[in-house]
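Survey of secondary and tertiary structure
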Amino acid sequence: MKHAQPSAATRHMLTFGALAALVLFLFTAEKFADGYQIQILNLIAVNTILALSLNLIYGFTGMFSLGHAGFMAIGAYTCAILIMPVGQKEMLFLLEEAYPIIQNSQTPFFVAVLLGGIMAAIAGILIGFPVIRLGGDYLGIATLGFAEIIRIVATNIPRVTNGALGFKGIPDFATIWWNYGWLLITIYFITRVVNSNFGNTLKAIRDDETAAQSMGINVFGHKMASFTMGAFFAGIGGALMASLVTTIDPKMFLFILTFNILMIVVAGGLGSITGSIIGGIGITALLEWLRVVENPMTFGDFTINGIPGMRMLVFSLALVIIILFKQEGIMGMREFSWSWFLGLFKKSPPKKNKEVR
Amino acid sequence: MSSSMFVQHMLNGLTLGSLYALIAIGYTMVYGILRLINFAHGEVFMLAAYFVYWGITLFNLPWVIALLCAVGLTCVMGIGIDQVAYKPLRDAPRISALISAIGVSFFLQNFAVVVFGAIPREVYRPEWLENVILWGDIRILPLTIVVPAMSIALMLGLLYIVYRTKAGLGMRAISKDIETSRLMGVKVNRVIALTFCIGSALAAASGIMWSLRYPQIQPIMGVIPGFKAFIAAVFGGIGSIQGAVIGGTLLGFMEIMIVAFFPDLAGYRDAFAFILLIVILLIKPTGLMGEKLEDKI
């Protein structure tokens with residue numbers, strides 16, 4: 001499937017055009033869409049950021065990590081603490097007074113989100129350092145344990161996290177522009193990482209760790225770097241999520257949250273950035289659409305009561321079906337490229353002219 | 001702490017520990033043979049408790065019959081899960097089967113929510129289990145004796161199957177080398193099905209006793225015991241049945257004792273098992289009794 005390579009200038013023009021189209025779309029959406037639709041658009045952006053970060057860890061480096069909910073929790077709490085006005089925090093911490101540093105710190109939204117990512121990255125280093133040497137499923141279960149520990153700790157340090165009550169009324173700074181801005185930063189950064197020489201090394205480790213090691217690659221160092229970057233963006237996603245849903249508590253960061261993100265990555269295709277974006281859009285929309293199943297339905301004279309649990313039932317069934325019948329997901333490891341895109345519009349060349357390379 | 005309190009805690013620890021041990025055996029057997037963390041195992045545990053509840057309230061079965069039916073149904077379910085969700089992935093990368101297992105786990109949880117409802121339900125307890133036995137100033141629930149005794153009986157039965165029967169020989173052979181076993185004429189698929197059957201039956205026994213000991217059932221009741229039993233299996237040395245028993249019992253003891261001696265840490269009770277897991281994986285990944293499992297390349 002080789003297509004004529006468009007020139008660099010053409011590609012840049014096209015990228016610029018696509019960005020302009022996105023901005024135009026978001027602008028229109030902000031003007032005309034209702035609150036619910038905008039919320040879904042926002043969720044798509046945040047979920048895609050989270051999926052990309054997990055894809056970097058699992059899809060590109062081959063580390064099966066189930067700790068995303070933990071990183072998100074750290075990002076979310078950091079951001080919530082930093083953007084809430086001092087007076088509001090005084091009202092919030094009813095049962096136990098917050099530590100002065102928690103009480104009095106306040107930063108602009110951008111800084112808060114960034115710090116959320118940095119705190120998650122630090123947690124990533126701390127947890128990654130001991131557990132990253134573990135292979136395969138053991139790494140998965142250890143990171144899952146880490147996420148659970150974070151959640152339990154968050155319940156038990158009320159002077160920082162307000163305990164089981166969590167935060168309510170977090171300022172809703174996460175507009176569509178912030179979310180899509182961070183999404184573009186994430187896409188740009190991860191694409192650059194994955195296509196760099198460093199990224200090739202990660203893929204080499206994923207494909208055969210022993211071989212990579214014997215080629216003199218510092219496997220541990222590369223894995224750590226990838227894990228930390230993934231944790232950083234998971235923290236960013238969590239921070240944006242906190243401001244988007246305006247309420248957080250430890251119950252929000254159960255394993256199911258990691259499962260949803262894993263689902264996006266697997267459905268989109270492990271090791272495909274395009275796949276994660278498509279998966280982020282598709283799965284988020286699907287999850288919202290599935291809420292319909294849980295609401296009461298009326299067909300003419302019949303009324304079916306809403307069935308709680310149906311949404312996740314269908315959703316988990318979908319994951320099992322994907323993993324059984326289409327393991328590579330929608331995109332496999334393929335990526336979107338302009339040359340492929342332009343190729344769609346050209347008449348497919350007759351077979352004899354097929355390029356032989 | 002008075003000595004009677006201490007004995008009380010010991011008994012509680014033993015009860016909890018033997019329940020963990022029964023679940024842990026299922027994890028360790030499946031992992032030993034397929035190198036798969038059967039995430040859905042905790043849900044099998046939960047469904048068994050619901051089956052009993054269903055049998056009694058819906059079909060008016062006598063208690064004992066309901067128990068037997070529940071165990072039977074759970075065995076069928078264990079085999080079914082393997083056939084549907086794991087068997088097609090035997091040759092796929094190991095993580096694919098693990099993801100499938102996670103999917104099945106959530107599926108069953110939500111299946112229970114859809115069918116049984118998310119509200120916790122009260123479980124029927126026969127009267128002879130309610131009478132408290134007083135021994136000095138120690139109050140003993142009959143269950144604190146029944147549960148460990150039952151667990152020990154089941155484990156002895158299991159050891160008999162694994163070490164004295166042909167099917168057990170097949171299991172041990174497969175856990176060493178699946179391909180060679182197949183070549184030597186072991187009916188691999190049948191033995192794997194049997195493994196899931198036995199593991200599920202033990203989880204069912206544990207689930208039913210759990211629901212008697214802590215008499216409330218709900219769809220998420222299998223999650224935390226499931227994780228902890230897996231941790232117990234790793235702690236004892238995954239792949240080893242004796243290890244799972246020892247790991248489960250120790251974990252139960254430690255949990256009860258930590259809460260008893262350091263009441264301040266009660267909130268961290270669930271975190272303790274996970275911390276233990278990470279520590280074990282770092283210091284001695286093969287666990288207390290485990291041999292090193294070869295990675296299948």
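Basis of the calculations
Residues numbered from 1 in each chain as written. Chains lettered and ligands numbered in written order. Predicted model: local features only at pLDDT ≥ 70, side-chain atom pairs only at ≥ 80, totals over all residues. Helix = DSSP H or I, 4+ residues; strand = E, 2+ residues; numbered from the N terminus. Rg over C-alpha atoms; globule rule 2.2 N^0.38 Å. Buried ≥ 20, exposed ≤ 12 C-beta atoms within 10 Å, placed from the backbone. Contact = placed C-beta atoms within 7 Å. Axes fitted to C-alpha atoms, helices over the stretch in contact; angles between N-to-C directions. Left-handed = near helix turned anticlockwise from the far one by under 90°. Nonpolar A, V, L, I, M, F, W, Y, C, P; charged D, E, K, R; others polar. pLDDT = per-residue confidence, 0-100. Core = buried A, V, L, I, M, F, W, Y, C linked by C-beta atoms within 7 Å. Expected span 1.5 Å × (residues − 1).

1. Considering the overall build of chain A
The secondary structure content of chain A amounts to 17 helices and two strands. Relative to a compact globule of 357 residues, whose C-alpha radius of gyration would be 21 Å, chain A shows 22 Å and is just as compact. Structurally, chain A occupies a C-alpha span of about 75 × 65 × 40 Å along its principal axes. By the burial criterion, 42% of the 357 residues in chain A qualify as buried. Taking as baseline every contact in chain A between residues at least 6 positions apart, the subset at least 24 positions apart corresponds to 82%.

2. Side note on the overall build of chain B
Counting its regular elements, chain B contains eleven helices and four strands. Its C-alpha atoms give chain B a radius of gyration of 19 Å, near enough to 19 Å, the size a compact globule of 297 residues would have. Overall, the C-alpha framework of chain B stretches about 60 × 50 × 35 Å when taken along its three principal axes. Per-residue burial over chain B gives 49% buried out of 297 residues. The long-range share in chain B, meaning contacts at least 24 apart out of those at least 6 apart in sequence, stands at 75%.

3. A look at the packing of helix 13 (residues 255-268) of chain A against helix 16 (residues 310-325) of chain A
All names here are of chain A. Running from N to C, helix 13 and helix 16 point in directions that differ by 35°, and their axes come no closer than 10 Å. Helix 13 and helix 16 meet at a crossing whose hand is left-handed. When helix 13 is examined against helix 16, the residues Met263, Val266 and Ala267 are found in contact with a partner set consisting of Leu319, Ile322 and Ile323. Broken down by class, the residue content of the contact of helix 13 with helix 16 amounts to six nonpolar, no polar and no charged.

4. Brief notes about the confidence of the model for chain B
On average, residues of chain B score 88 in pLDDT, and 97% of them reach the 70 mark or higher. Both confidence scores are given for the complex: pTM 0.89, ipTM 0.88.

5. Remarks on unusual backbone geometry
Phi at A:Thr246 takes a positive value of approximately 60°, unusual for a residue other than glycine. Classification of A:Thr246 as partly exposed rests on a count of 15 C-beta atoms within 10 Å.

6. Side note on the interface of chain A and chain B
In this assembly, 33 residues from chain A lie in contact with 30 residues from chain B. Among the secondary structure elements, those contributing two or more residues to the side of chain A that touches chain B are helix 6 (109-131), helix 7 (136-156), helix 13 and helix 16 of chain A. Examining the composition of the side of chain A that touches chain B, we find that 13 residues originate from one element, helix 7 of chain A, more than from any other. Its residues placed into classes, the side of chain A that touches chain B shows 23 nonpolar, eight polar and two charged.

7. Side note on the nonpolar core
Among the nonpolar cores identified, the biggest contains 188 residues, and A:Ala80 and B:Ala48 are the most heavily contacted of them. In terms of residues, this core owes the most to one element, helix 1 (residues 3-34) of chain B, which gives 14 residues. Among residues more than four places away in sequence, those in contact with A:Ala80 are A:Phe167, A:Ile170, A:Ala242 and A:Ile248.

8. Description of the environment of A:Phe255
Residues and elements named next belong to chain A. Summarising the element assignment, Phe255 is placed in helix 13. Using a count of 20 C-beta atoms within 10 Å as the deciding quantity, one classes Phe255 as buried. Expressed as a C-alpha distance, the spacing of Phe255 and Gly70, which sit 185 residues apart in the sequence, is 9.0 Å. In this structure Phe255 touches Ala69 and Leu144, once residues within four positions along its chain are discounted.

9. Considering the confidence of the model for chain A
When pLDDT is low, close inspection of the predicted coordinates is not appropriate. Summing up the model confidence of chain A, the mean pLDDT is 87 and the portion of residues at 70 or higher is 93%. Across residues 350-357 of chain A, where pLDDT falls below 50, the model places three contacts with residues more than four positions away in sequence or in other chains.

10. Details of the environment of B:Ile241
Residue and element names in this part refer to chain B. In this fold, Ile241 is placed in helix 10 (residues 241-261). The class of Ile241 is buried, set by 23 C-beta atoms lying within 10 Å. The sequence separation of Ile241 and Gly26 amounts to 215 residues, and the corresponding C-alpha distance is 8.9 Å. Setting aside residues up to four positions removed in sequence, Ile241 forms contacts with Ile25, Thr28, Met29, Leu158, Leu159 and Val162.

11. A closer look at the packing of helix 7 of chain A against helix 4 (residues 94-116) of chain B
Think of two packed helices as two axes; the pair is described by the angle between the axes and how far apart they sit. Relative to each other, helix 7 of chain A and helix 4 of chain B sit at 35°, their axes nearing to 9 Å. Here A:Gly136, A:Asp137 and A:Gly140 of helix 7 of chain A come into contact with helix 4 of chain B, specifically with B:Arg94, B:Ile95 and B:Leu98. When the residues that make up the contact of helix 7 of chain A with helix 4 of chain B are grouped by side-chain class, the tally is two nonpolar, two polar and two charged.

12. Some details on helix 12 (residues 219-245) of chain A
All names here are of chain A. Helix length check: helix 12, at 27 residues, gives a terminal C-alpha distance of 38 Å against a target of 39 Å (1.5 Å per residue), a fit within 8%. Most of helix 12 is tucked away, with 19 of its 27 residues classed as buried. One or two residues past the end of helix 12 sits Thr246, with phi positive at roughly 60°.

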